[in-house]
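Structure at a glance
These are the residues of each chain, in order.
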Amino acid sequence: MANALLRRLARHDGMELWVAEAGGRIVSAGRLEPVHGTDFAGIWGGATREEWRDRGIYRALTAARARSALDRGKTLMNSDSTEYSRPILERSGLVKVSTTTPYNWRR
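We now turn to the structure provided with this report. What you are looking at is a predicted structure, and each value in this text was computed from that prediction instead of being measured. (Residues numbered from 1 in each chain as written. Predicted model: local features only at pLDDT ≥ 70, side-chain atom pairs only at ≥ 80, totals over all residues. Heavy atoms only, no water.)

**Some words on the overall build of the protein**
To keep things clear, this is the line we draw: We count a stretch as a helix when DSSP gives it H or I for four or more residues in a row; a strand needs E for two or more, and each element gets its number in order from the N terminus. Residue exposure (1.4 Å probe, protein chains only): buried if accessible area is under 20% of the type maximum, exposed if over 50%, otherwise partly exposed. Note on contacts: a residue pair qualifies if any of its non-hydrogen atoms lie within 4.5 Å across the two residues. Computed with a 1.4 Å probe, the accessible areas rest on the Shrake-Rupley method; for each residue, only the protein chains presented here act as cover. By the counting rule applied here, Lys and Arg register as positive and Asp and Glu as negative, while His and the ends of each chain are not counted. To locate a charge, take atom NZ for lysine, CZ for arginine, CG for aspartate or CD for glutamate.
When its secondary structure is counted, the protein shows 3 helices and 4 strands. Starting at the N terminus and ending at the C terminus, the protein contains elements arranged as α-β-β-β-α-β-α. Expressed along its principal axes, the backbone C-alpha trace of the protein runs to roughly 40 × 35 × 30 Å. Put simply, the protein has 107 residues, and 23% of those count as buried. Pairs at least 24 residues apart make up 46% of the contacts formed inside the protein by residues separated by at least 6 positions. In the structure as shown, the protein presents an accessible area of about 8000 Å², 53% of it carried by carbon and sulfur atoms. One way to put it: in the protein the 18 positive side-chain charges average out to a point 4 Å from where the 12 negative ones average out.

See the structure below:
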């Protein structure tokens, strides 16, 4: 996964990787995916190490990604979040408009 993300960054297609560090260790991370030719940007892959949760780190990282999207002219955000992240995103101003249902596809 790390190599795929590094290759993606090398394409300079607008994707941004964001991390929060404490004591030289990454404690939270996420990415911003601007959608070319639209007003949308996706906030994806947000996660915080369990021992660092409930300190506002995920919220701060989400806010930083949203500010970066706004700086790029993106005014609409989307995120396919878990029920853990959803309340944080809603407190940040995002509104749940739909749900997704994951399936395992087998041939």
